[in-house]
Amino acid sequence: MAKCPKCGTEVEKPIKEWEIQPKRKKGPRVRISLFECPNCKTRFRTATRVA
Ligand SMILES: [Zn+2]
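Just so it is clear, the model here is predicted, and its values are computed rather than measured.

Once that is clear, we can look at the sheet that holds strand β4 (residues 29-36). Read from one edge of the open sheet, three strands run β3-β4-β5, paired in antiparallel fashion. Bordering the open sheet on either side are β3 (16-20) and β5 (43-50), each of which pairs with just one other strand. Across the sheet, the mean angle separating the axes of adjacent strands is 20 degrees when strand polarity is ignored. Taken together, the eight bridges between β4 and β5 define a ladder with antiparallel strand orientation. Looking across to β5, one finds that glutamate 36 is bridged to arginine 43.

Right, here's the structure in full:
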């Protein structure tokens, strides 16, 4: 769940999610989630570290 940066609507599900592998072997993986606000159609991303 993420909040729209424009209007504050909470968006439950990302329309797309993917993981980025760091170039260095021991760096943390990062999951990128792409959300689209159903209210104002703003698209925004969040990045979460994956252990
Ligand atoms: Zn919005």
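With that settled, consider the coordination of the zinc ion. Protein-derived coordination of the zinc ion comes from Cys4 (SG), Cys7 (SG), Cys37 (SG) and Cys40 (SG), at a distance range of 2.3 Å. Considering all four donor atoms around the zinc ion, the spread of angles at the metal, 106 to 116 degrees, places the coordination shape in the tetrahedral class. Counting the intervening residues between successive donors of the zinc ion yields the motif C-x2-C-x29-C-x2-C. Linking cysteine 7 in the loop between β1 (2-3) and β2 (10-11) with cysteine 37 in the loop between β4 and β5, this pair joins segments that are 30 residues apart in sequence. Cysteine 7 gets classed as partly exposed once you look at its relative accessible area, which sits at 36%.

By the element assignment, serine 33 lies in strand β4. Among the polar contacts listed, one links the side chain of serine 33 to the side chain of glutamate 17, at a separation of 3.1 Å. The residues touching serine 33, leaving out its near neighbours within four places in the chain, are Pro14, Lys16, Glu17, Phe44, Arg45 and Thr46.

Rules of the game
- Residues numbered from 1 in each chain as written.
- Predicted model: local features only at pLDDT ≥ 70, side-chain atom pairs only at ≥ 80, totals over all residues.
- Heavy atoms only, no water.
- Pairing = 2+ DSSP bridges.
- Helix = DSSP H or I, 4+ residues; strand = E, 2+ residues; numbered from the N terminus.
- Axes fitted to C-alpha atoms, helices over the stretch in contact; angles between N-to-C directions.
- Donors = N, O, S within 2.8 Å, 3.2 Å for Na, K, Ca; no water.
- Tetrahedral: all angles 85-135°; square planar, octahedral: opposite > 155°, others 65-115°.
- Buried < 20%, exposed > 50% of the residue type's maximum accessible area, 1.4 Å probe, protein only.
- Polar contact = N/O pair within 3.5 Å; in protein donor to acceptor, adjacent residues only side chain to side chain.
- Contact = heavy atoms within 4.5 Å.

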